[in-house]
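Commentary on secondary and tertiary structure
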Amino acid sequence: MSLKGSKTEENLKEAFAGESQANRRYLYFDILKRLVIQQLVSQSVKQKQILSLQFKVKHMSTQICIQEWQKQPETKALMK
């Protein structure tokens, strides 16, 4: 029995084409999802670095203020 030219052959071709298109769509969205996740991770790493730098700057400025305050003659007298 030959399938050539039959309705079954036509149905099989349509089904294969539909599955192939669906597979491509799934692949495309999987790649897109990975790229979005990668960008979100990159942004969060950058945000963490920025927050870390801001904390260091605030901490350093506080230390500098304390050091300057401790250098004042009035402060030295209070600390004795």
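Now for a look at the structure at hand. Sequence order sets the numbering: in each chain, residues are counted from 1 along the sequence as written. pLDDT decides what is reported in this predicted model: residues at 70 or higher carry local features, side-chain atom pairs at 80 or more are listed and counted, and totals for whole chains, interfaces and linings draw on all residues regardless. Water and hydrogen atoms play no part in the side-chain values, which are based on all heavy atoms of the structure.

**So, the overall build of the chain**
When helices and strands are tallied, the chain shows two helices and zero strands. In terms of overall dimensions, the chain is more spread out than a globule: its C-alpha atoms have a radius of gyration of 34 Å, far above the 12 Å expected for 80 residues. Projecting the C-alpha coordinates of the chain onto the three principal axes gives extents of approximately 110 × 15 × 10 Å. For the chain, with 80 residues in total, the buried portion stands at 2%. Carbon and sulfur atoms make up 62% of the accessible area of the chain, which amounts to about 7900 Å² in all. Counting 14 positive and 7 negative side-chain charges, the chain places the centres of these two groups 13 Å from one another. Secondary structure elements follow DSSP: runs of H or I of four or more residues count as helices, runs of E of two or more count as strands, with numbering from the N terminus. Throughout, radius of gyration means the C-alpha value; the globule benchmark is 2.2 Å times the number of residues raised to the power 0.38. Only protein chains enter the accessibility calculation, which uses a 1.4 Å probe; a residue whose area is less than 20% of its type maximum is buried, one above 50% is exposed, and one in between is partly exposed. Working definition of accessibility: Shrake-Rupley area with a 1.4 Å probe, residue cover restricted to the visible protein chains. Under the convention used here, Asp and Glu are negative, Lys and Arg are positive, and both His and the chain ends fall outside the count. Charged side chains are reduced to one point each, which is NZ for Lys, CZ for Arg, CG for Asp and CD for Glu.

**Brief notes about the packing of aromatic side chains**
Working definition: a ring pair exists when centres of Phe, Tyr or Trp rings (six-membered ring for Trp) sit within 6.5 Å. Plane angles under 30 degrees give stacked, over 60 give edge-to-face, the rest tilted. Taken as a whole and assessed by the stated rule, the structure comprises one aromatic pair. Centroid distance Tyr 28 to Phe 29: 5.3 Å. Interplanar angle 75°. Geometry classified as edge-to-face.

**Points about a nonpolar patch on the surface**
Together, Tyr 28, Phe 29, Leu 32, Val 36 and Leu 40 make up a nonpolar patch on the protein surface, roughly 490 Å² of accessible area in all. By the secondary structure assignment, Leu 40 is in helix H1 (residues 7-71). Think of a patch as exposed residues, more than 30% relative accessible area, with no salt bridge, where like charges cluster within 9 Å and nonpolar side chains (Val, Leu, Ile, Met, Phe, Trp, Tyr) cluster within 5 Å. Any carboxyl oxygen of Asp or Glu that lies within 4 Å of a side-chain nitrogen of Lys or Arg is treated as forming a salt bridge with it.

**So, the pattern of salt bridges**
Going through the model one piece at a time under the given rule, you end up with three salt bridges. The partner of Asp 30 in a salt bridge is Arg 34, with the nearest N and O atoms 3.2 Å apart. Linking Asp 30 with Arg 34, this pair stays in helix H1, spanning four residues, or about one helical turn.

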